[in-house]
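For reference, the chains in residue letters:
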Amino acid sequence: MSFKEYLKKKVIPTYFMIVTFIILGMAIAGLILYRNARIGNLTLFVPPVFGMIGCLPLLLDFVFMKVKSSGIWLILYNAAELVILEACILTAAYFIGMIDAAFTAAVIAVMVFAIFSAVGAIMYIQDKSFCDIVNDALAKYAANAAK
C-alpha cells in the first residue's frame, strides 16, 4: 500500500473519528468541570489540532505495517502507540495552557484513552466486516473452482 492510499484509507477516516470524539469529550468534560465557563472562538480550533496530533502515531503504524505478525507484538505496539499519543496530547495541552491542575491532566488522559479505545474498536469492527466479506467471497470462489 502506498503512502497516499494509506492516507486515504486509514489516516483521514481516523482523523475525523478522533475529531468527533474530541468534540464530544470536550463537551462532556466542559459540562462536568467548567459548567459556567464561556468559550472563545480559538477553542473551536482545538479539536482539529488535537485530531492532527492524534494521527501522528498512525505514521508509526505505516512504518511498522508489515512487522505486526503476532498477538503479543500487536498488544505491545498498541500500548506504545497509546503512550506516544498520551505524551503528545498532554504536552500540547500543557503548552497551550489547557492544563491548570493535575486533575485536568488526568481528565485529559482518560479522554485520550477513551477516544483511543473507541477509534480502535470502530476500526476493528470495520476491518473485521471487510475481512468477513472477503473470506466469504473467497470461500464461494473456492467452492465454484472445485466444481
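Remember, predicted model here, so these are calculated numbers, not experimental data. (Residues numbered from 1 in each chain as written. Predicted model: local features only at pLDDT ≥ 70, side-chain atom pairs only at ≥ 80, totals over all residues. Heavy atoms only, no water.)

1. Describing a nonpolar patch on the surface
(1) Moving on: On the surface, a nonpolar cluster with roughly 450 Å² of combined accessible area is contributed by Leu 42, Phe 45, Val 49 and Met 52.
(2) Moving on: Its place among the elements puts Val 49 in helix H2 (residues 46-63). (Patch = residues over 30% accessible without salt bridge, like charges linked within 9 Å, V, L, I, M, F, W, Y side chains within 5 Å. Areas by Shrake-Rupley, 256 points an atom, 1.4 Å probe, with all protein chains shown as cover. Salt bridge = Lys/Arg side-chain N within 4 Å of Asp/Glu carboxyl O. Helix = DSSP H or I, 4+ residues; strand = E, 2+ residues; numbered from the N terminus.)

2. A short note on the nonpolar core
(1) Moving on: Of all hydrophobic cores here, the largest spans 22 residues; its most connected members are Ile 18, Phe 50, Cys 55, Ile 89, Ile 108 and Val 119.
(2) Moving on: At the level of secondary structure, the elements contributing two or more residues to this core comprise helix H1 (3-33), H2, helix H3 (71-95) and helix H4 (102-146).
(3) Moving on: At seven residues, the largest contribution of residues to this core is made by H1.
(4) Moving on: Once you skip the residues sitting within four places of it in the chain, Ile 89 turns out to touch Phe 50, Ile 53, Gly 54, Ile 108 and Val 112. (Core = buried A, V, L, I, M, F, W, Y, C linked by side-chain atoms within 4.5 Å. Buried < 20%, exposed > 50% of the residue type's maximum accessible area, 1.4 Å probe, protein only. Contact = heavy atoms within 4.5 Å.)

3. Digging into the pattern of salt bridges
(1) Moving on: For the structure shown, the criterion picks out one salt bridge.
(2) Moving on: A salt bridge links Lys 128 to Asp 132; the shortest N-O distance between them is 3.3 Å. Taken together, the residues span about one helical turn, with Lys 128 and Asp 132 both in helix H4 at a distance of four residues.

4. Some details on the environment of Ala 101
(1) Moving on: As for its position among the elements, Ala 101 is in the loop between H3 and H4.
(2) Moving on: Taking relative accessible area as the criterion, Ala 101 reaches 36% and is therefore assigned partly exposed.
(3) Moving on: For the pair Ala 101 and Ile 72, spaced 29 residues apart in the sequence, the C-alpha separation amounts to 36 Å.

5. Here we look at H4
(1) Moving on: Between its first and last C-alpha atoms H4 spans 64 Å; for 45 residues at 1.5 Å apiece the expected length is 66 Å, and the two agree.
(2) Moving on: Those residues of H4 that fall on the buried side of the exposure criterion are Thr 104, Val 107, Ile 108, Met 111, Val 112, Ile 115, Val 119 and Met 123.
(3) Moving on: Close packing links the buried residues of H4 with H1 and H3. (Expected span 1.5 Å × (residues − 1).)

6. Considerations on the packing of H2 against H3
(1) Moving on: Between H2 and H3, the shortest axis-to-axis distance is 9 Å and the interhelical angle comes to 150 degrees. Considering the angle they form, H2 stands roughly antiparallel to H3. Every pair of crossing elements has a handedness; the one defined by H2 and H3 is right-handed. Together, Phe 50, Ile 53, Gly 54, Pro 57, Leu 58, Leu 60 and Asp 61 of H2 and Tyr 77, Glu 81, Ile 84, Leu 85, Cys 88, Ile 89, Ala 92 and Ala 93 of H3 make up the contact between the two elements. (Axes fitted to C-alpha atoms, helices over the stretch in contact; angles between N-to-C directions. Parallel < 35°, antiparallel > 145°, perpendicular 65-115°, else oblique. Left-handed = near helix turned anticlockwise from the far one by under 90°.)

7. Describing the packing of aromatic side chains
(1) Moving on: For the coordinates displayed, the defined rule picks out three aromatic pairs.
(2) Moving on: Aromatic pair Tyr 94 and Phe 95: ring centres 5.5 Å apart, planes at 70 degrees, arrangement edge-to-face. Each member of the pair, Tyr 94 as well as Phe 95, carries the same accessibility label: exposed. (Phe/Tyr/Trp six-rings, centres within 6.5 Å; stacked < 30°, edge-to-face > 60°.)

8. So, the confidence of the model for the protein
(1) Moving on: For the protein, per-residue confidence averages 83 on the pLDDT scale, and 97% of positions sit at 70 or higher.
(2) Moving on: Mean pLDDT per element in the protein: H2 is the minimum at 80, and H4 is the maximum at 87. (pLDDT = per-residue confidence, 0-100.)

9. Considering the side chain of Glu 86
(1) Moving on: Along the chain, Glu 86 turns up in helix H3.
(2) Moving on: On the basis of relative accessibility, which here comes to 14%, the residue Glu 86 falls in the buried class.
(3) Moving on: Aside from chain neighbours lying at most four places away, what touches Glu 86 is Ala 109, Val 112 and Phe 113.

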